[in-house]
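The primary structure of each chain is shown beneath.
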Amino acid sequence: MLSEGLLVSAPGKVILHGEHAVVHGKVALAVAVNLRTFLRLQPRNNGKVSLRLPNIGVKRDWEVAKLQQLDTSFLEPGDVAAPTPEQVEKLKEMAGFPEDCKGSEHLAVLAFLYLYLSIGRKQSTLPSLDVSVWSELPTGAGLGSSAAYAVCLAAALLTACEEIPNPLRDGGHASRWATEDLEFINKWAFQGERVIHGNPSGVDNAVSTWGGALRYQRGQMTPLQRPPALKILLTNTQVPRSTKALVANVRSRLIKFPKIVAPLLDSMDAISLECERVLGEMTEAGLAPEQYLILEELIDMNQHHLNALGVGHTSLDQLCQVTGAQGLHSKLTGAGGGGCGITLLRPDVGQPTVEATKQALASCGFDCWETSIGAPGVSIHQAASLDAAIRQALNGL
Ligand code: MEV
């Protein structure tokens, strides 16, 4: 067990195309965004393990000796095995949760316990430590906040337990892990995501681990040649929703209407492929106006498909109408049902139009910001190199 504290961060993501279809084996195109989750892990010798998640009001402490006495043999030692529903139920029992617990706070605590016990049980005794996580990402909005959380937890716990090396040992302000260590982080993070979401595709944790822009299909990721230099307006409708429930509803609709829903998923796959083709033609000078027109048409078609899958929401319709009035094209991103949407900003769209759009969206009660895409994946930092505001937020925990 390492004796020094660790500071890690991981980005959120935006899905350009392929949400929901990716759960059914189709292609998704996803990019990391420059909004990050930060985790501080401090080894202790007070016999306790503590978890602080101020964004969602979680403050939990456990006696290591009590956790040590629990029978955790149901967690396969050292193996990255998918958590079974029985394991999740057992964890709930251990954490003293009511049987029907579903809230994001409970699920975040369960994911922590799952990763802490699974990774920590390889040590002679479970480690005593404090873990604090703070995020710039809104929760439950489709920006991959739970994946960034799971990636940070996996990276910090694996490093603290010396399952993977600390890449900062060579010095520097921030560093990333070697490819095989990132693969290990990603596998564990996927299991954390499964505790939270049930049956995720794995795209969110992959983008948060690797960063940049990637094509994802059935666990296989291919980085896009270069992150597309697209300008995007990101809008949070502030309508809360559950990814788990939305994914389950799409599955039910597919079972109920296979002949109708399967072709929609095929068409979404073709949209991702067409978007990938267009982005692949991007040169240093960017895309030509007619290529932007194709991207806009793809956005419109996918938004209609997502509505047909049942994951739209009146707030997202409003987003499309308000941006459409300014000649801009939008779609939901992530699970839908509220949450976030993206609006493509063509290079010919002037700043006055962007400002007018932002104002119109703000007056609908939406939160809206311009974002750059293609941020670096999970990283480890020297505490002193972090932004003063982030340091202050973490120190206040
Ligand atoms: C959530 O960000 C994206 C979904 O496709 C679910 C998943 O891929 O696990 C809706």
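Residues numbered from 1 in each chain as written. Predicted model: local features only at pLDDT ≥ 70, side-chain atom pairs only at ≥ 80, totals over all residues. Heavy atoms only, no water.

A.B. asks: What should I look at first to understand the site of the ligand in this one?
C.D. replies: Around the ligand, a shell composed of 13 residues is seen, among which K13, H20, P200, S201 and D204 lie nearest. Separating an oxygen atom of the ligand from a side-chain N or O atom of S201 is a distance of 2.5 Å. D204 is positioned with one of its side-chain polar atoms (N or O) 2.9 Å from an oxygen atom of the ligand. Relative to its unbound accessible surface of 300 Å², the ligand loses 96% to contact with the protein. Residues of the shell around the ligand, tallied by class, amount to seven nonpolar, three polar and three charged. (Near = heavy atom within 4 Å. Polar contact = N/O pair within 3.5 Å; in protein donor to acceptor, adjacent residues only side chain to side chain. Areas by Shrake-Rupley, 256 points an atom, 1.4 Å probe, with all protein chains shown as cover. Nonpolar A, V, L, I, M, F, W, Y, C, P; charged D, E, K, R; others polar.)

A.B. asks: Whenever I open this one, the layout of surface pockets confuses me. Can you help?
C.D. replies: Considered as a void within the structure, the second largest pocket measures approximately 210 Å³ in volume. Forming the boundary of the second largest pocket are 13 residues, of which N186, K187, F190, G219 and M221 lie nearest the centre. For the lining of the second largest pocket, the secondary-structure elements that each account for two or more residues are α5 (179-197) and α6 (203-210). Sort the elements by how many residues they give to the lining of the second largest pocket and α5 lands first, with five residues. (1 Å grid on protein atoms, 1.4 Å probe; cavity = no way out; pocket = protein on both sides within 12 Å on 5 of 7 lines; lining within 4 Å. Points joined across faces, edges and corners; volume = space filled by probe spheres on them. Helix = DSSP H or I, 4+ residues; strand = E, 2+ residues; numbered from the N terminus.)

A.B. asks: Explanation requested: the state of the cysteines in the structure shown.
C.D. replies: In a disulfide, the sulfur atoms of two cysteines are held together by a covalent bond. Applying the stated criterion across every chain yields a total of zero disulfides. Cysteine C152 is unpaired, with the sulfur of C161 as its nearest cysteine sulfur at 16 Å. The class for C152 is buried, based on a relative accessible area of 0%. With no disulfide partner, C340 has as its closest neighbouring cysteine sulfur the one in C368, 9.9 Å distant. (Disulfide = S-S within 2.5 Å. Buried < 20%, exposed > 50% of the residue type's maximum accessible area, 1.4 Å probe, protein only.)

A.B. asks: Would you mind going over helix α10 (residues 314-324) with me for this structure?
C.D. replies: Given 3.6 residues per turn, any residue in an α-helix points the same way as the ones three and four places further on. Turning to α10, its buried residues number three or more, namely S315, L316, L319, V322 and T323. Along the axis of α10, the buried residues cluster in a sector spanning 125°; they form a single face. In α10, the exposed positions angled more than 90 degrees off the buried face are occupied by T314 and Q321. Residues of α10 that are buried make contact with β9 (231-236), α9 (289-309), β10 (329-333), β11 (340-345) and α11 (351-362). (Arc of directions from axis to C-beta. Contact = heavy atoms within 4.5 Å.)

A.B. asks: So what exactly am I meant to see when it comes to the pattern of salt bridges here?
C.D. replies: Opposite charge on two side chains permits pairing when their charged atoms draw close. One pass over the structure, following the stated rule, counts 14 salt bridges. Salt-bridge contacts for D348 lead to R346; the nearest nitrogen and oxygen are separated by 2.9 Å. What makes R346 buried here is its relative accessible area of 17%. Ionic pairing is found between E370 and K358, a salt bridge with its closest N-O pair at 3.1 Å. In this pair, E370 sits in strand β12 (residues 367-371) while K358 sits in helix α11, placing the two residues twelve residues apart along the sequence. For E370, a relative accessible area of 29% corresponds to the partly exposed category. A cluster of three or more residues bridged by salt bridges with shared partners is formed by E274, R277 and E281. (Salt bridge = Lys/Arg side-chain N within 4 Å of Asp/Glu carboxyl O.)

A.B. asks: Sorry if this is basic, but what is going on with unusual backbone geometry here?
C.D. replies: Across residues other than glycine, the phi torsion is negative in most instances, and most of the peptide bonds are trans. At R218, a position not held by glycine, the phi torsion is positive, near 45°. Here R218 shows up in the loop between β7 (213-217) and β8 (220-223). Here R218 falls in the exposed class, since its relative accessible area comes to 63%. The phi dihedral of Q238 is positive, around 70°, even though this residue is not glycine. Within the secondary structure, Q238 sits in the loop between β9 and α7 (243-256). Owing to a relative accessible area of 46%, Q238 belongs among the partly exposed residues under this scheme.

A.B. asks: Teacher, can you tell me more about the nonpolar core here?
C.D. replies: Buried together is how nonpolar side chains tend to be arranged in soluble globular proteins. Membership of the largest hydrophobic core comes to 88 residues, with the highest contact counts inside it found for Y116, Y149 and I185. Sequence-distant contacts of Y149, defined by excluding residues within four places in its chain, comprise T37, L51, L53, A108, A111, F112, V133 and I196. Counting 23 residues, the second largest nonpolar core, distinct from the first, contains L246, L264, L265 and L345. (Core = buried A, V, L, I, M, F, W, Y, C linked by side-chain atoms within 4.5 Å.)

A.B. asks: Looking at this structure, how should I read the packing of helix α3 (residues 104-120) against α5?
C.D. replies: Where α3 meets α5, the closest approach of the two axes is 8 Å, and the angle between their N-to-C directions is 145°. In this structure, α3 meets α5 at a crossing whose hand is right-handed. Between α3 and α5, the contacting residues are L107, L110, A111, Y114, L115, S118 and I119 on the first element and W188, Q191, G192, V195 and I196 on the second. (Axes fitted to C-alpha atoms, helices over the stretch in contact; angles between N-to-C directions. Left-handed = near helix turned anticlockwise from the far one by under 90°.)

A.B. asks: Just checking my understanding: could you explain empty space enclosed by the protein for this structure?
C.D. replies: Remark: the empty space left among the atoms is shown by a probe the size of a water molecule rolled over them. What the rule picks out here adds up to three cavities of 30 Å³ or more. Space inside the largest cavity adds up to approximately 120 Å³. Lining the largest cavity we find L16, H17, L230, I232, C275, L279, L295, I299, H329, I342, T343 and L344. When contributions to the lining of the largest cavity are tallied by element, the ones reaching two or more residues are β1 (6-17), α8 (258-280), α9 and β11. Ranked by residues supplied to the lining of the largest cavity, first place goes to β11 with three residues. The class makeup of the residues in the lining of the largest cavity is nine nonpolar, three polar and no charged.

Read these as layout, nothing more, since geometry by itself doesn't imply function.
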